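For reference, the chains in residue letters:
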Amino acid sequence: MGSAGIPHRRAILTGGLAATTAALLSACSSKPNSTGTDATAAGAAKASSPSPAAANRPDSAWSAFARLMEGNRRWVAGKLQHPDQDPRRREFVAEKQEPYGVIVSCIDSRVPPELVFDTGLGDLFVLRTGGQVVSPVVTGSVEYGPLTSGSPLIVVLGHQRCGAIKAAYEALRDGKTLPGNLQSIADAMRPAYEATVKDKHADPVDAMVRIHAKQTSADLRSNKALAPLVRKGDLAVVSAYYSLDTGRVEVLTGAPSA
Ligand SMILES: [Zn+2]
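Residues numbered from 1 in each chain as written. Predicted model: local features only at pLDDT ≥ 70, side-chain atom pairs only at ≥ 80, totals over all residues. Heavy atoms only, no water.

Student: Explain the pattern of salt bridges here, please?
Tutor: Opposite charge on two side chains permits them to pair, given that their charged atoms come into close proximity. Scanning all chains against the criterion turns up eleven salt bridges. In this structure, Arg110 engages Asp108 in a salt bridge whose closest nitrogen and oxygen atoms are separated by 2.8 Å. By relative accessible area, Asp108 is classed as buried at 11%. The partner of Asp234 in a salt bridge is Lys232, and the shortest N-O contact between them spans 3.8 Å. (Salt bridge = Lys/Arg side-chain N within 4 Å of Asp/Glu carboxyl O. Buried < 20%, exposed > 50% of the residue type's maximum accessible area, 1.4 Å probe, protein only.)

Student: Where do I start with helix α11 (residues 204–221) in this structure?
Tutor: Every α-helix winds through 3.6 residues per turn, so residues three or four apart in the chain are directed the same way. Taking 1.5 Å as the rise per residue, α11 with 18 residues should run 26 Å; its terminal C-alpha atoms sit 25 Å apart, in good agreement. Along α11, the positions that sit buried rather than exposed are Val205, Asp206, Ala207, Met208, Val209, Ile211, His212, Ala213, Thr216, Ser217 and Leu220. Buried residues in α11 make contact with α7 (136–149), β3 (153–159), α8 (163–174), α10 (190–196), β4 (236–242) and β5 (249–253). (Helix = DSSP H or I, 4+ residues; strand = E, 2+ residues; numbered from the N terminus. Expected span 1.5 Å × (residues − 1). Contact = heavy atoms within 4.5 Å.)

Student: Even after reading the chapter, I still don't get the nonpolar core, so can you show me in this structure?
Tutor: One broad trend across soluble globular proteins is that nonpolar side chains are buried collectively. Within the largest apolar cluster, 20 residues are counted, with the highest numbers of intra-cluster contacts made by Leu68, Phe117, Leu153, Val155, Leu157, Tyr242 and Val249. Within the residue set of this core, elements represented by two or more residues are α4 (61–77), β3 and β4. Per-element tally for this core: the top contributor is α4, with five residues. Setting aside residues no more than four positions away along its own chain, Val249 makes contact with Met69, Asn72, Val116, Phe117, Leu157, Ala240, Tyr241 and Tyr242. With 16 residues, the next largest nonpolar core counts Ile165, Leu172, Val205 and Tyr241 among its residues. (Core = buried A, V, L, I, M, F, W, Y, C linked by side-chain atoms within 4.5 Å.)

Student: Teacher, can you tell me more about the side chain of Asp118 here?
Tutor: Relative to the helices and strands, Asp118 is located in the loop between α6 (113–116) and β2 (124–129). At 2.7 Å, the side chain of Asp118 and the side chain of Arg74 are in polar contact. A distance of 3.0 Å separates a polar side-chain atom of Asp118 from the backbone nitrogen of His82. (Polar contact = N/O pair within 3.5 Å; in protein donor to acceptor, adjacent residues only side chain to side chain.)

Below, the structure is given as structure tokens:
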């Protein structure tokens, strides 16, 4: 077998994962509740007490962006509201979800998007990978929100002192191979690495975090499925940088205008 078997196995795994993702996404999509009693009860609950946030769900890139940045200001100030995290909200979104944002961020335990933006249940689609690298499978999941739920905003969120990007930077610089499948993360970051080393940076890893977020957002913005939505103004793709020290999200590119 040796190394020749690895690509084949990886292809099988990737195919299986793609199929699973499709099935999961199908299961996640909005479907009418077909069970009589529960549907009636849930419908009555919705009609009588809609979730406050649901009543003013951001329906444009600008309003979605403003909502997220308001939430981030509360996070920075230590004034979290934890909106829409109660049983009433759970009932409200049980049959139908319309998240207003898609966040593509790192697996880092210190960067949970729902806390960083102080959001509630059903507000965000969240994708997290090491160094927020995207692959076809991840990109498919990013597309899901804008294409099926009308999510008007995608945020690609890099962060300070990203271990994945530091490891990728060093591996690519030194020509070393990372263990296991970690090398695939480094490989995906090669364009960001090459753009980074073209210039001198006081902190090249931090520069690569920013360059990588910008490149990823640009790729998504020009993606075949998403570009038409961007052109129509129905979707904005923002790149941003999260400070572990302050909790603040700094916008890098693509901020929508009001
Ligand atoms: Zn990270």
